[in-house]
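Working through the structure, step by step
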Amino acid sequence: MEEAIQIVKKIKNGQIHPIYFLMGEEPYYIDKISDYIEDNLLAEEEKGFNQMVLYGRDTSIDEIVSNAKRYPMMAERQLVIIKEAQDLSRSIEKLESYAENPQPTSVLVFCYKYKKIDKRKKLYKTISKTGVIFESKRLYENQIAGWIQKTLKSRDYNISPKAAQMLVEFLGVDLGKIDNELQKLQLITPKETLISPELIEENIGISKDFNNFELRKAIGLKDEVKAHQIINYFSQNSKDNPMVVTVTLLFSYFSQILQYHGLTDQSKANVAKVLKVNPYFVSDYVVAARNYPMKKVSGIIGFLRDADVKGKGVGAANVGQGDLLKELLVKIMR
């Protein structure tokens, strides 16, 4: 996120504010900014007397303000970081009077995860004037593959579209979890390397041939043999391939095909924009739309809803998820 990069850049350049209020649904950027400040704002010899980490559940606004009003010892400034600050949500408005006139030699960092303060209230407006407010927004699933590509590019690596999609489908939308896996790959891979599906399979344990991405592709192509092979693999490895994930991804896939049918402009660029997919994959949707007319797609979406209910034990309590997936596949491809 560009805003997070700019905050770190300004700190590097000496533009330091007395309050950093880091809030929002995505904890990844909150952690990245606060970790950078914790590691770099003070010299190592200054940290002992001038750096303090508090936790929201164990402190109060009064205690935070009291600490912030202290003068640094043998240093230009002191740093107070409040982690899990969302635990102070009931009393956070009490920070307002301090925020109006913060101690210039103190830096307060609030890590207010999964929540936001009300932008209409005075506290938000006050901190916006005297400090920095950063809202870390959670990315949508269709944005994660692009985030992976940009993140790796900034570190002098590249990744193929399929490999990026494999990571998304296996790891979900948790940026911290994804970044941990990317860093593991970087440790064993020279810079300028193209991270391929084979590399992902060898080092992270995601099968390059038997995953939800390949299942969708096989279904789109009406490759029944391949699709049944993948479903059989899922049945034998159900812990790593839960039915709810497969059904959810197939629902998303056929919803996109339905969208494609409704487009008057079916150019590659417009399809990629509307369906929110990498242009690299547009041809797969074109083929799938030919194989599944609009009426058929509507019926399949109904099958998927029914499978989702059965997968949760409603009306099919004694049927295994592997059998439910096989039944669903037959309905989709007949």
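Rules used throughout
- Residues numbered from 1 in each chain as written.
- Predicted model: local features only at pLDDT ≥ 70, side-chain atom pairs only at ≥ 80, totals over all residues.
- Heavy atoms only, no water.
- Salt bridge = Lys/Arg side-chain N within 4 Å of Asp/Glu carboxyl O.
- Helix = DSSP H or I, 4+ residues; strand = E, 2+ residues; numbered from the N terminus.
- Patch = residues over 30% accessible without salt bridge, like charges linked within 9 Å, V, L, I, M, F, W, Y side chains within 5 Å.
- Areas by Shrake-Rupley, 256 points an atom, 1.4 Å probe, with all protein chains shown as cover.
- Phe/Tyr/Trp six-rings, centres within 6.5 Å; stacked < 30°, edge-to-face > 60°.
- Buried < 20%, exposed > 50% of the residue type's maximum accessible area, 1.4 Å probe, protein only.
- Lys NZ or Arg CZ within 6 Å of the ring centre and 35° of its normal.
- Contact = heavy atoms within 4.5 Å.
- Polar contact = N/O pair within 3.5 Å; in protein donor to acceptor, adjacent residues only side chain to side chain.
- Pairing = 2+ DSSP bridges.
- Axes fitted to C-alpha atoms, helices over the stretch in contact; angles between N-to-C directions.
- Parallel < 35°, antiparallel > 145°, perpendicular 65-115°, else oblique.
- Left-handed = near helix turned anticlockwise from the far one by under 90°.
- Nonpolar A, V, L, I, M, F, W, Y, C, P; charged D, E, K, R; others polar.

Regarding the pattern of salt bridges
- A complete count under the given rule lists 24 salt bridges for this structure.
- Between Lys310 and Asp306 there is a salt bridge, and its shortest N-O distance comes to 3.4 Å. You can see Lys310 and its partner Asp306 sitting in helix α16 (residues 294–311), four residues apart, about one turn around the helix.
- It is possible to trace a salt-bridge network through shared partners that takes in Asp306, Lys310, Glu327 and Lys331.

Some remarks on a nonpolar patch on the surface
- A contiguous nonpolar surface patch, about 380 Å² in accessible area, is contributed by Phe49, Met73 and Met74.
- Examined against the element boundaries, Met73 turns out to sit in the loop between α4 (61–68) and β3 (78–83).

Some remarks on the packing of aromatic side chains
- Here the structure, examined in full by the defined rule, presents ten aromatic pairs.
- Their ring planes at 70° and their centres at 5.4 Å tell us that Tyr253 and Phe254 sit as a pair that is edge-to-face. By the burial criterion, Tyr253 is buried, and Phe254 matches it.
- Summarising the aromatic geometry, the rings of Tyr253 and Tyr285 are spaced 5.5 Å apart at their centres and angled 55° between planes, so their arrangement reads as tilted. Separated by 32 residues along the polypeptide, Tyr253 in helix α13 (residues 243–261) and Tyr285 in helix α15 (residues 282–291) bring together distant segments of the chain.
- Judged by its relative accessible area of 4%, Tyr253 is buried.
- Overall, the relative accessible area of 7% leaves Tyr285 in the buried class.
- These aromatic residues form a ring-pair network of at least three members: Tyr253, Phe254, Tyr285 and Tyr292.
- The ring of Tyr292 has Lys222 sitting right over it, with the charged end atom 5.1 Å from the ring centre.
- The ring of Phe210 is capped by Lys226, whose NZ or CZ atom sits 4.8 Å from the centre of that ring.

Digging into helix α11 (residues 212–221)
- Taking burial as the measure, the ten residues of α11 include eight buried ones, the bulk of the element.
- Taken residue by residue, α11 has Asn212, Phe213, Glu214, Leu215, Arg216, Ala218, Ile219 and Gly220 as its buried positions.
- Where α11 is buried, its residues contact α8 (161–171), α12 (224–236), α13, α15 and α17 (321–333).
- With a side-chain oxygen positioned 3.0 Å from the backbone nitrogen of Phe213, the residue opening α11 is Asn211.

Brief notes about the side chain of Thr126
- Secondary-structure assignment places Thr126 in helix α6 (residues 122–130).
- Thr126 gets classed as buried once you look at its relative accessible area, which sits at 9%.
- Once residues lying within four places of it in the same chain are set aside, the contact partners of Thr126 are Glu96, Ala99 and Glu100.

Re the sheet that holds strand β1 (residues 19–24)
- Strand order in the open sheet formed by five strands is β2-β3-β4-β1-β5, with parallel pairing between adjacent strands. Taken across any chain shown, the strands that pair with only one partner, and hence form the sheet edges, are β2 (51–55) and β5 (132–135). Across the sheet, the axes of successive neighbouring strands diverge by a mean angle of 10°, strand direction being ignored.
- Pairing between β2 and β3: five bridges, direction parallel.

Quick notes on the packing of helix α7 (residues 141–154) against α8
- At their nearest, the axes of α7 and α8 sit 9 Å apart, and the two run at 125° to each other. When the axis of α7 is compared with that of α8, the two are oblique. The crossing of α7 and α8 is right-handed. Contacts from Glu141, Ile144, Ala145, Ile148 and Gln149 in α7 reach Pro161, Ala164, Gln165, Leu167 and Val168 in α8.
- Of the residues that constitute the contact of α7 with α8, the class distribution is seven nonpolar, two polar and one charged.

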